[in-house]
Amino acid sequence: MDTFMEFASMSQDPQTLAYSLLELLDEDRSKVPRSTLTCKVEIMIRAYWCLRIASSLDGIDMLVKRIKEQVVEQLIQEHQFSLIVHLIVSLRNYSELSYLFDILMKHEQFELILRKNTDKDNQTQLKMVLANYLQTRYPDDNEKLMMVYLRFNMFSNLGDLLMKKGKTGIIHISEQLN
């Protein structure tokens, strides 16, 4: 991906490059070799980064909407959850793509995102987003939150969670005894 980013940065018009990439997905299927889901996802990722380089907010919004409307349902139907994770991690647009976390949770595939290796900058952002997502959307799912804390070496947070869980258990036992 870094090589492509360098190439896109050298382009005189990265926005046109992005739209040219997206046109590959729009062409008549008989003219284009079989377009696999993996290729479609990779093309969309590269188009997204071209639009980011061009600072085209309208283009980014259009592409994120297109991903949601045209690609995600296909990925779900084909059980290609690893490609959903690839989209999340590659685009790094966590606020716009939070619905993808919901999909992973619904289909019990959340752990896939914890297995994905990311660069250090992305990892810092991802761990905070995942912890915040679970705390706000699934506050009672301590198991997944502990997995996030362990995966990203967030030992202080893990200790706080276990302490809270222990205190809650002690209070529950105390109430039962009285």
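For the structure, check the block above.
No experiment lies behind these values; they were computed from the predicted model shown. Within every chain, residues take consecutive numbers counted from 1 along the sequence as written. It should be noted that, the model being predicted, local features are given only for residues of pLDDT at least 70 and side-chain atom pairs only at 80 or more, the latter also being counted only at that level, while totals for whole chains, interfaces and linings use all residues. Hydrogen atoms and water are omitted, and side-chain values are computed over all heavy atoms in the structure.

## Looking at the packing of aromatic side chains
Here's step 1: Only Phe, Tyr and Trp rings take part, Trp by its six-membered ring, and two of them pair if their centres are within 6.5 Å. Stacked means planes under 30 degrees apart, edge-to-face means over 60, and tilted covers everything else. One pass over the structure, following the stated rule, counts four aromatic pairs.
Here's step 2: Judged by centre distance (5.6 Å) and plane angle (90°), the ring pair of Tyr48 and Trp49 falls under edge-to-face. Comparing Tyr48 with Trp49 shows no difference in burial state: the two are buried.
Here's step 3: Ring centres 5.2 Å apart and planes at 45° place the aromatic pair Phe101 and Tyr133 in the tilted group. Partly exposed describes any residue whose relative accessible area lies between the buried limit of under 20% and the exposed limit of over 50%, with all areas from a 1.4 Å probe on protein chains only and scaled to the type maximum.

## Things to note about the nonpolar core
Here's step 1: As used here, the term nonpolar core means buried Ala, Val, Leu, Ile, Met, Phe, Trp, Tyr and Cys residues forming a set that is joined through side-chain atoms within 4.5 Å. Formed by 56 residues in total, the largest nonpolar core has its most connected members in Ile84, Ile113 and Leu130.
Here's step 2: Segments assigned H or I by DSSP are reported as helices when at least four residues long, segments assigned E as strands when at least two residues long, and all are numbered from the N terminus. When residues of this core are assigned to their parent elements, the largest contribution, 10 residues, is made by helix H3 (residues 37-53).
Here's step 3: It only takes one pair of heavy atoms within 4.5 Å for two residues to be counted as in contact. Filtering out sequence-adjacent residues up to four positions away, Ile84 remains in contact with Leu75, Ile76, Leu100, Ile103 and Leu104.

## Section: the pattern of salt bridges
Here's step 1: Salt bridge, as used here: a side-chain nitrogen of Lys or Arg that lies within 4 Å of a carboxyl oxygen of Asp or Glu. By the definition in use, this model includes six salt bridges.
Here's step 2: The partner of Asp119 in a salt bridge is Arg92, with the nearest N and O atoms 2.4 Å apart. Here Arg92 lies in the loop between helix H5 (81-91) and helix H6 (98-106) and Asp119 lies in the loop between helix H7 (111-115) and helix H8 (120-137), a separation of 27 residues in the sequence.
Here's step 3: Across the pair Glu111 and Lys144 runs a salt bridge whose closest N-O atoms are separated by 3.9 Å. Taken as a pair, Glu111 in helix H7 and Lys144 in helix H9 (residues 142-151) lie far apart in primary sequence, 33 residues in all.
Here's step 4: Overall, the relative accessible area of 24% leaves Glu111 in the partly exposed class.
Here's step 5: Judged by its relative accessible area of 18%, Lys144 falls in the buried class.
Here's step 6: Each of Glu111, Asp141 and Lys144 takes part in a single network of salt bridges with overlapping partners.

## Considerations on the environment of Leu17
Here's step 1: Of note, Leu17 is situated in helix H2 (residues 14-26).
Here's step 2: Linking Leu17 and Cys50, residues 33 residues apart in sequence, is a C-alpha distance of 6.9 Å.
Here's step 3: Setting aside its immediate chain neighbours within four residues, Leu17 contacts Phe4, Phe7, Ala8, Ser11 and Cys50.

## What to know about the layout of surface pockets
Here's step 1: As a volume, the second largest pocket reaches approximately 230 Å³.
Here's step 2: We place a 1 Å grid over just the protein atoms. Points where a 1.4 Å probe fits but has no way out form a cavity, open points with protein on both sides within 12 Å along at least 5 of 7 lines form a pocket, and any residue with an atom within 4 Å of a point lines it. Around the second largest pocket sit 15 residues that line it, and Pro139, Asn142, Leu145, Leu161 and Lys164 are the ones nearest its centre.
Here's step 3: Those elements giving two or more residues to the lining of the second largest pocket turn out to be H8, H9 and helix H10 (155-177).
Here's step 4: In terms of residue count, the dominant contributor to the lining of the second largest pocket is H10 (six residues).
Here's step 5: Residues that form the lining of the second largest pocket fall into these classes: six nonpolar, four polar and five charged. Grid points are joined across faces, edges and corners, and a volume is the space filled by probe spheres set on the points. Charged means Asp, Glu, Lys or Arg here, nonpolar means Ala, Val, Leu, Ile, Met, Phe, Trp, Tyr, Cys or Pro, and polar covers whatever is left, Gly included.

## Things to note about unusual backbone geometry
Here's step 1: In this structure, Arg92 is a non-glycine residue whose phi angle is positive, near 60°.
Here's step 2: The backbone phi angle of Glu108 is positive, close to 55°, even though this residue is not glycine.
Here's step 3: By the element assignment, Glu108 lies in the loop between H6 and H7.
Here's step 4: Its relative accessible area of 65% is what places Glu108 among the exposed residues.

## Describing the packing of helix H4 (residues 57-77) against H6
Here's step 1: Orientation of H4 relative to H6, taken along the N-to-C sense of each, is 10°, at an axis distance of 12 Å. In terms of orientation, H4 lies roughly parallel with respect to H6. Contact residues: H4 offers Val64, Ile67, Lys68, Val72 and Ile76, while H6 offers Tyr99, Leu100 and Ile103.
Here's step 2: Partitioning the contact of H4 with H6 into residue classes produces seven nonpolar, no polar and one charged. The axes are straight lines fitted to the C-alpha atoms, using for helices just the contacting stretch, and the angles between their N-to-C directions are given from 0 to 180°. Should an angle fall under 35 degrees it is called roughly parallel, over 145 degrees roughly antiparallel, and 65 to 115 degrees roughly perpendicular, with every other angle called oblique.

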